[in-house]
Amino acid sequence: MAKHVINQGFRAGEMTPKLDGQVEFDKYFEGCKQLENFVPTIQGPAERRSGFRYIATTKDSTKECRLIPFDFSTEQAYILEFGNLYIRFYKNRGQIVKTTASNWVTATSYVVGDYVTQSAIIYYCLTAHTSGTFATDLAAGKWVAQTIYEIPTTYTEAELPELQFTQSADILFIVHPNHYPAKLSRTGHTAWTLTDIPFTKRYYPTASLLTTSGFDNFKAIDCVDNNIATKAWDNNTDPVGEWLLLNATSPREIVKIALYVANADLNVEFNVQYSTDNVTFYNAYTGWILAGEGMGWHEVEWDSVGAKKYWRLYKNNAAISGGDVMEVQFFEAGKPSAWTAGKYPSSITFYEDRLWFAYLQTIWGSKSGDYYNFSFGTDDDEAMEYTILSQQVNKIQWLSAGRVLCIGTAEGVYKASASSLGEGMTPLNITIVKEVSFKGAGYMEAIPIDNVVLYLSRSKRKIREFTYSAGDDGFVAADMTILSEHLFTINDTVTSMAYQPEPYSCLWCVRDDGVLLGFSYQRLEKVLAWHRHITDGL
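About the criteria used
- Here the residue numbers are simple positions, counted from 1 along each chain's written sequence.
- This being a predicted model, a pLDDT of at least 70 is required before a residue's local features are given, and a value of 80 or more before pairs of side-chain atoms are given or counted; all residues contribute to the totals for chains, interfaces and linings.
- Side-chain metrics in this entry use all non-hydrogen atoms of the structure; hydrogen atoms and water are not considered.
- The salt bridge criterion pairs a side-chain nitrogen of Lys or Arg with a carboxyl oxygen of Asp or Glu, the two atoms within 4 Å.
- Strands are runs of DSSP state E lasting at least 2 residues, helices are runs of H or I lasting at least 4, and numbering of each runs from the N terminus.
- Working definition: with a 1.4 Å probe on protein chains only, accessible area under 20% of the residue-type maximum means buried, over 50% means exposed, and in between means partly exposed.
- DSSP calls a pair of strands paired once it identifies at least 2 bridges connecting them.
- An axis is simply a line fitted to the C-alpha atoms; with a helix, the fit covers only the stretch in contact. Between two such axes, the angle follows the N-to-C directions and lies from 0 to 180 degrees.
- Centre distance within 6.5 Å is the pairing criterion for rings of Phe, Tyr and Trp, where only the six-membered ring of Trp is used; planes under 30 degrees apart are then read as stacked, over 60 as edge-to-face, and the remainder as tilted.
- Lysine and arginine charges are scored as sitting over a ring when NZ or CZ, respectively, is within 6 Å of the ring centre and within 35 degrees of the ring normal.

Draft legend 1. Broad picture of the pattern of salt bridges. Counting across every chain of the model gives 18 salt bridges. With its nearest N and O atoms 2.5 Å apart, the salt bridge here joins Glu14 to Arg532. Placement of the pair is Glu14 in strand S1 (residues 13-14) and Arg532 in strand S43 (residues 527-533), with a sequence separation of 518 residues. Note on Glu14: relative accessible area 1%, which makes it buried. With a closest N to O distance of 3.7 Å, Lys256 and Glu299 form a salt bridge. Taken together, the residues Lys256 in strand S22 (residues 254-267) and Glu299 in strand S25 (residues 296-301) connect sequence positions 43 residues apart.

In C-alpha cells:
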C-alpha cells in the first residue's frame, strides 16, 4: 500500500542535505530538497518566479557595474547604473536619453559630460578641450554620437563594490575611503549633478576682529558668542552703505553667515562681500533680505569664492526698523580634520536628524538638522565625534538606523544611543555598546527591515539577523542561512544584496558564481525560506 507524505508548504525553503530524514524537526515538512526558480508564499505554496525583462546593455559589458535605487516618491523612482567613471539612469522600464542639447560652438571650453547638437545629431564630450573645428575634434575622439544620458564620476570599476549610500529627498549621498564625500542631486529628468558635499564648521573670531562703519547702536563685542543675551545691534537709521567688517587676520573660506533676530521682524537687506586688501570688495551674495522672515536664526550661504582675509555685511537699504540682532555667526568650509585622502568616510546613514559618517573605529554626527555642519561642541545640537574603544582595530563596515544606531564592525555589532530610553543622542549623552561579539560584518551595506537589520557576515557566506531579543534582554545576531548552509559553500560568497518588499518580502543575494539566491523573509508569518534562481548568465 502506497504511503503519502503530506507536505505542509514551502515556508522553510530549500533545506541542507544535513536535514535529510530529520522528521522530528518542526520545519521538516515545510521545506524541500531543491527549490529552483520558485518563490515560497506566506500561504505555503511556491509560485514560479516571473521572467526577466531586457531593458538595455550596460555601457561596457566587459566591466562590472552596480545598480542603485533612487526613490524620491512613488511616482518618481529611478535606477542608477554606476560603472567605471560614469553613471547612467533608468526610469519607467527604460533608459533615460537626451532629446535636446545646445548647439556646438567653436572656441568654447567643453568638459567631460557636456552634450551638444551638431548637424541635428547629439554628441557627448569624452575629453575636456577648447573647441576648434567640429570635424577635427570629432576625429580626435573628443566627441561621440550619443543620446543616452550619463554623467562622469571619479569612481573606478574596482571601487564600485565599496561605495555606500544614503538618500534624503532629491539627494543621494555617496562615500568611499578614497574619495571626498559626494552628493548626487536631481533637479530634472536629465539634470543630475555630482559634487563634493559642502561641509562647514564654525569660525570663532574674537570681538576685536569685528569693526563697523558707524552703526550707532552696533556693539561688536556682543556679536560673538553673546549667547543671545545682549543686543548687538538695535534699531537705527544709518544710511545705505554701512557695514560690519570681519578681519580674519588670515584668509578664511567663509561660506555662511547666520544672524539671530529678536523682539520683532527686522527690515534690512545685505550683500555679503569679500576682499583681499580691505580696499576693493566683491559680492559673494547679493540681496539677503530679512524683512518678512520673522524672529529667530536666519542664515545665508553661497558657493565658495575661496579663502579671503576680509568679509563684510554691506547694508543695501536705509532706515532699519523692527527687531534687534542679538548675535552673528560665521561659518567656513571645513570637514573633520581626520578626513584625508584614503581615509575619507566609508559608511553613512541618517539617524535622529543628523548625518552620520564612519571610518575605521570613529563615527561623526553632524549638527542636528544641519547635515553639512560639523562644528563640534558640547551643546545638545552641535556635531559630535566618537571613537569606539576595543582591544584591536575592528573597522566599521556599515551604519544602519533604526530604534538605535547600529554599527557593524569586522568583529561584531555595536549599538549607539542616548544613556536613557526616549532621549536623543548629544555630544555629552552618547553610549556605544557592543551587543554581538565574534559575529563580524562584511564590508557591504546592511539591509534594515522593520525592526531588524540583515547583514552579510565577514566571511561573506552567512546572512545574520541583528534584532532585539526580549528573552536575552539584548540584541542577538542569528544565522539566517543555517537551514540552507549548502547554498553558501567556501567557494560561493555573496557579492551584492538588495531588498524587494513587494510582491514578496525578499532579500536577493548574488553569489560570485552568478547564481541568484532569494531569501523570503516575513518574520511575523514565520516565513524564512531560501531559494535559488538560475538565469543562464543573464
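Draft legend 2. Quick peek at the pairing of strand S17 (residues 179-188). With eight of its ten residues buried, S17 lies for the most part within the structure. Of the strand pairs in this sheet, strand S16 (residues 171-176) and S17 are connected by five bridges, and their pairing is antiparallel. In the strand pairing of S17, Phe173 is matched with Lys183. Here S16 folds back onto S17, and the loop between the two strands holds two residues. As paired strands, S17 and strand S18 (residues 191-196) are joined by six bridges and run antiparallel to one another. Following the sheet pairing, Lys183 is matched in S18 by Thr195. The turn joining S17 and S18, which pair antiparallel and follow one another in sequence, is formed by two residues.

Draft legend 3. View of the sheet that holds strand S34 (residues 412-417). One open sheet holds the four strands; their spatial order is S32-S33-S34-S35, and the pairing between them is antiparallel. Bordering the open sheet on either side are strand S32 (396-401) and strand S35 (431-437), each of which pairs with just one other strand. Looking at each pair of strands side by side, their axes are set apart by 25° on average, direction ignored. Relative to S35, S34 runs antiparallel, the two being bridged by six bridges. In the strand pairing of S35, Gly412 is matched with Ser437.

Draft legend 4. Focus on the packing of aromatic side chains. Within this structure, the stated rule accounts for 37 aromatic pairs. With a centroid separation of 5.1 Å and an interplanar angle of 75°, the aromatic rings of Tyr110 and Trp143 are classed as edge-to-face. You can see Tyr110 sitting in strand S9 (residues 109-110) and its partner Trp143 sitting in strand S13 (residues 143-145), a full 33 residues away along the chain. Taken as a pair, Tyr110 and Trp143 share a single burial class, namely buried. In textbook terms, an aromatic cluster arises when at least three aromatic residues are bridged by ring pairs, as seen for Tyr180, Phe199, Trp339, Tyr344, Phe357, Trp364, Phe374 and Phe376. Between the NZ or CZ atom of Lys59 and the centre of the ring of Tyr86, over which it lies, the distance is 4.9 Å. The side chain of Arg186 reaches across the aromatic face of Phe72, ending 5.4 Å from its centre.

Draft legend 5. The sheet that holds S18, seen in detail. Strands sit in the order S15-S16-S17-S18 across an open sheet of four strands; the sheet is antiparallel. Edge positions in the sheet fall to strand S15 (164-168) and S18, since each has one partner strand and no second. If you compare each strand with its neighbour and ignore which way they point, the axes differ by 20° on average.

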